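Survey of secondary and tertiary structure
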Amino acid sequence: MNKFCFQPGGTQRLNAEVRKVSLGTFALSLAIWWVVLFSLPVAAQPERTPLTLELLQERLHTPIVREGNLTVDLRQMLIDLRPENTGFRDAFYQTLRKELQKTSAKPLGLDLSNSLIQGDFVGSDLGLKTPLYAQEIAPIFTATEQEQLERLRLVCLQSLAIALPNSKDCRSLLAPESTTSSQLTVFRGALTLVQTRFNGEVQFLNTFFLQSVDAQGATFLQPTNWTESRFSRPVSFTSAIFRQPTKFQGSIFFNKVNFKAATFQETADFQGSIFTNNANFNQAKFKQLAKFSNGIWQGNADFSGVDFANQAQFTKADFHQFLLFTEAIFEQAVSFRETQFNQSVNLQGTSILNQADFSDARFAKTAFLNVPGLTFNSNRAKILGNPGQIGERFCIPSLQGNQNILRNLGQNFRQQQQIADANQLEYTKQRLRLIELSRRLVGTNINSANLRRLINLGFSPTQALAIKHRRQIQLFRNSRELLTLADIDLKSYNQISDRLVVSEPLSLGGWLLQAWIWLGLSVLLLLSGYGTDFWLVFGVGGIAIAYFGLLFWLVDRYRRLRPVAIIPTYYETISILTSFSSLTFFSLLAIFRNAEQPWLTLGCLLIIILPLPITLLCRLYQQGRYHDLMNVSYFTEDGTFRQLRLLIGRLPVIPRNPTFRERYMSLLWNRRWNWLNYYDFSLNNLVRLGFNDIRLRDEHLPGIIAALAWYQWSLGLLYITLVLWTLSRTIPGLNLLIYLK
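An account of the accompanying structure is given in this report. On a predicted model such as this, the values are computed, not experimentally measured, just so you know.

Attention now moves to the sheet that holds strand 52 (residues 694-696). An order of 50-48-52 is seen for the 3 strands of this open sheet, with the pairing classed as antiparallel. Each edge of the sheet is formed by a strand with only one pairing partner; in this case those strands are strand 50 (664-666) and strand 52. On average, each strand axis in the sheet is inclined to that of its neighbour by 40°, with strand direction left out of account. Where strand 48 (residues 635-638) lies against strand 50, 3 bridges are found, and the strand directions are antiparallel. Pairing of Thr636 across the sheet is with Ser666, part of strand 50. Those strands touched by helix 17 (residues 676-687) are strand 48 and strand 52, and its axis lies near 85° from that of strand 52.

Under the defined criterion, the tally for this structure stands at 75 aromatic pairs. Centre to centre, the rings of Phe237 and Phe248 are 5.7 Å apart; their planes meet at 80°, and the pair counts as edge-to-face. With Phe237 in the loop between strand 18 (235-236) and strand 19 (241-242) and Phe248 in the loop between strand 20 (246-247) and strand 21 (252-253), this pair connects stretches of sequence that are 11 residues apart. Its relative accessible area of 0% is what places Phe237 among the buried residues.

Our focus in this paragraph is the packing of helix 2 (residues 53-61) against helix 3 (residues 86-100). One way to put it is that helix 2 packs onto helix 3 with a least axis distance of 11 Å and a crossing angle of 10°. For the element pair helix 2 / helix 3, the angle class is roughly parallel. Two secondary-structure elements touch here, helix 2 through Leu53, Leu56, Gln57 and Leu60 and helix 3 through Phe88, Ala91, Phe92, Thr95, Leu96 and Glu99. Residue composition of the contact of helix 2 with helix 3, by class: 7 nonpolar, 2 polar and 1 charged.

Our focus in this paragraph is the side chain of Ser587. Mapped onto the secondary structure, Ser587 falls in helix 13 (residues 570-594). For Ser587, a relative accessible area of 2% gives the class buried. Within the structure, Ser587 has its side chain in polar contact with the backbone oxygen of Leu583 (distance 2.8 Å). Not counting the four nearest positions on each side in its chain, Ser587 is found in contact with Gly539, Gly542 and Ile543.

What the rule picks out here adds up to 12 salt bridges. The shortest N-O distance in the salt bridge between Arg470 and Glu481 comes to 3.0 Å. Of this pair, Arg470 sits in helix 9 (residues 461-473) while Glu481 is found in the loop between helix 9 and helix 10 (490-496), placing the two residues 11 residues apart along the sequence. On the accessibility criterion, Arg470 (17% relative accessible area) is buried. A salt bridge links Arg559 to Asp556; the nearest nitrogen and oxygen atoms lie 2.9 Å apart. Here the salt bridges do not stand alone but share partners, grouping Arg59, Asp73 and Arg75 into one network.

Two elements in contact, helix 12 (residues 534-557) and helix 17, have axes whose closest approach is 8 Å; the angle formed by their N-to-C orientations is 130°. Classified by the interaxial angle, the pair formed by helix 12 and helix 17 is oblique. Like other packed secondary-structure pairs, helix 12 and helix 17 cross with a definite hand, here right-handed. In contact with Gly541, Ala544, Ile545, Ala546, Phe548, Gly549, Leu550, Phe552, Trp553, Asp556 and Arg557 of helix 12, helix 17 contributes Tyr678, Tyr679, Phe681, Ser682, Leu683, Asn685 and Leu686. Split into classes, the residues belonging to the contact of helix 12 with helix 17 amount to 12 nonpolar, 4 polar and 2 charged.

What follows deals with helix 12. Counted at 1.5 Å a residue, the expected span for helix 12 with its 24 residues is 34 Å, and the 34 Å between its end C-alpha atoms agrees. Among the 24 residues of helix 12, 20 are classified as buried, and the element is accordingly described as predominantly covered. Measuring from the side-chain oxygen of the N-cap residue of helix 12 to the backbone nitrogen of Trp535 gives 3.2 Å; that N-cap residue is Asp533.

How each quantity is defined
Residues numbered from 1 in each chain as written. Predicted model: local features only at pLDDT ≥ 70, side-chain atom pairs only at ≥ 80, totals over all residues. Heavy atoms only, no water. Pairing = 2+ DSSP bridges. Helix = DSSP H or I, 4+ residues; strand = E, 2+ residues; numbered from the N terminus. Axes fitted to C-alpha atoms, helices over the stretch in contact; angles between N-to-C directions. Contact = heavy atoms within 4.5 Å. Phe/Tyr/Trp six-rings, centres within 6.5 Å; stacked < 30°, edge-to-face > 60°. Buried < 20%, exposed > 50% of the residue type's maximum accessible area, 1.4 Å probe, protein only. Parallel < 35°, antiparallel > 145°, perpendicular 65-115°, else oblique. Nonpolar A, V, L, I, M, F, W, Y, C, P; charged D, E, K, R; others polar. Polar contact = N/O pair within 3.5 Å; in protein donor to acceptor, adjacent residues only side chain to side chain. Salt bridge = Lys/Arg side-chain N within 4 Å of Asp/Glu carboxyl O. Left-handed = near helix turned anticlockwise from the far one by under 90°. Expected span 1.5 Å × (residues − 1).

Everything listed is a geometric property; what it means functionally is a separate question.
This is the structure in C-alpha cells:
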C-alpha cells in the first residue's frame, strides 16, 4: 500500500491536482460545446464569393456542363449591382451579354444558384434583342430556335378565339403585310436560379426563354416583372418566395409550369397569361390579391391545397382541361364570372369562407362542379350563379358524408330566391337517396349475406369465413373495416368495395318498408322531379286527361253494332282523335323537354293508367251491355248553370235523391261539340276543375264504367296533391311556408 495516501501534506496536494484537472476538463468541454452550437447556423449559410470582373471573365472562359448544356457557373456568388457600383454593373451586363448572345449549336446557359444579387437585376438586358415581323423570323436563330419562335404565332392565332391579343409581339405576328415590328428579347440558354436571393427588383420584361427556367427556392425581396414573357421549356418556381408584387401579365408558357409551394406575399398578377401545358400551383400561398383573369389554360390547372388569403380573380378565363381546387382555401371572395369550363372543376374538400361567384360562367356538357367534402357555411358564405343553371352543375357521387353539403347549398340558393337551383339540389339529394335505397334492397350486405353470396361477390372462401367470424363478434360499421382482417388485402378490397353494402341486417318487415319507400320515391322523382318541375307534372297530367277523356268517350259512344248500331258519327270520331293526338303531343313534348329520364317517366305513367282501365274495358266489351236507357248517355251535366269552377268536393256519380235527376240532364249526343264534355269530365276527376259539373248517372249504369270513373277520381286525389306540392316548391311566394328557418 502506498504510504503517500496516509501523509497529510500529500493528501492536500492530491486534492489540489484533482481540482485543477476537473476545472480544465470542464472549461475545455464548455468551449467545444460553444463552438459547435454557434457554428451550426453559420454552416447552414452558403459561403458566397464576391464576384469581380476578373472572376467573371474566368467563369465565362471555363463554362461547366449542366444537363448536357454549357453553362456559365456563377453559383454561390455575391453580385453587387447597386447604383453605387455602376462601373461593375455596366461591365457585368456588357460582358455577360456578349457571351450569352453568341450564335452556336448549343447556347450558353446561366447558373446563379445560391447566389445573392444586390441591387436591381435587369435580366432582359442579357438577352438578344431582335425585331419580330409578321412575314418571317430573324435568320440569326437556329432551325430549332426558329421553330420555337414560330409556336408563338400559333398561340397568338388560338388566342383570337377568346379575344384580340394585347401583346406587341402577337400584334406584329398577326398583322397582315405589316412592315412594323415589335422588339423581342430572346434568352437563348437555360436560366438556373435555384435558391438564389434577389435583394432588388427583377426585370424580365418581354423576354422569350428558349430553354428551361429553374428558380426552385428562389427569394425575390422586391417586385418582379415577367410581363409578356414567353417560356418555351419547362418552368419551375417551386418553393419560391415573392415578397413584393409579381407580374406575369400576358405571359405565355409553352411547356409545363410549376409554382408548387410558392409563396406570394403581395399581389400576384397572371392576367391574360396563356398556359399551353399543365400548370401546377399545388400548395402555393397567395397572401394578397391573385389575378388570373382572361387567362387561357390549355392543360390541367392544379391549385390543390392552395391558400388564397385574399381575393382570387379568374374572371373571363378559359379552362380547356380539368381545374383542381382539392383542399384549397378561399378566405375571401373568388370570382369565376364569364369563365369557360370545358372539363370538371374539382372542389373536393375545398373551403369557401366568403363568396364564390360563377355568374355568367359557361359549362360544357361534360363540365361539372365536383363538391364532395366541400366546406361551406351558407350563413357566412355565398355561392352565386345564373338562376336556373348553376344548380344543375353540382356533382356529388354519394349521399353518405355529403348531406350537410347539399343542405348548405340548398339553403344558399333559397336565401337568394333561386328556387329552381335549390330544388335541383333537392332533386340530386333524393336521387342519391334512391340509389342508396336500391343498394340496400338488392346489394350484398356483408353483415347478413351468407357464404355463397360473399363468394359470388368476389371473396375467396377463406375471406368469406373470416368475414363470418368477424361479424359474429361485432358487426361491420363501414367497408374499410374489412382491411382489419388478415385475409383481405388492399387489392381485393379495391376490386369489390364499390359493390359492398354495410348496414344493419334488415328483417322481412323492414325490407318491405324500405321497398315501399323506394317505390314512392321513384314515382315522385319520375313524375315530378321530386316536386321541382311543374312542367313535367303538367305533361303527366295532360296525357292522363287526354287518355281518360278518350276512354270515357269510347265507352259512352261506341256501345254495340247489332242489332241496332250505337256508334259515334264520323265527324265526332275525327274530332276526338285529333284533339287526343294534339293534347298528347304537347304533353309528351313537356315530358321529354323536362324529364331527366323521359322514357322511364313515360313508362311509369303508363303502368299507372293503362293496365287496370284496359282490363276493365276489355271485360266490358266481352260481356256486352244489356240494360235500359241504352240510347241515353251515361254522363249527365248540371243544367242550372255553366261556368269555370273548382269542384273540390265533387264525386263522379250523382246522388240517388230524385231531385238531382231533375237538375242533372243527360249529355246531348247530337251536338257537334259534345265530344268536349268527355275531356271536361276527365278534367273534373283529375284536377277538380271544369267548365261544367259533369257526373255519371245513378241508374242503369254498368259497374265497370263506374269503376273506371272512380279509379280516375282516386288518381286525381294523388295528382292534385302532387300539383299543389310542386307549386309550393317552385313558386317563391308559396314556398316561404316550407323553408322558413
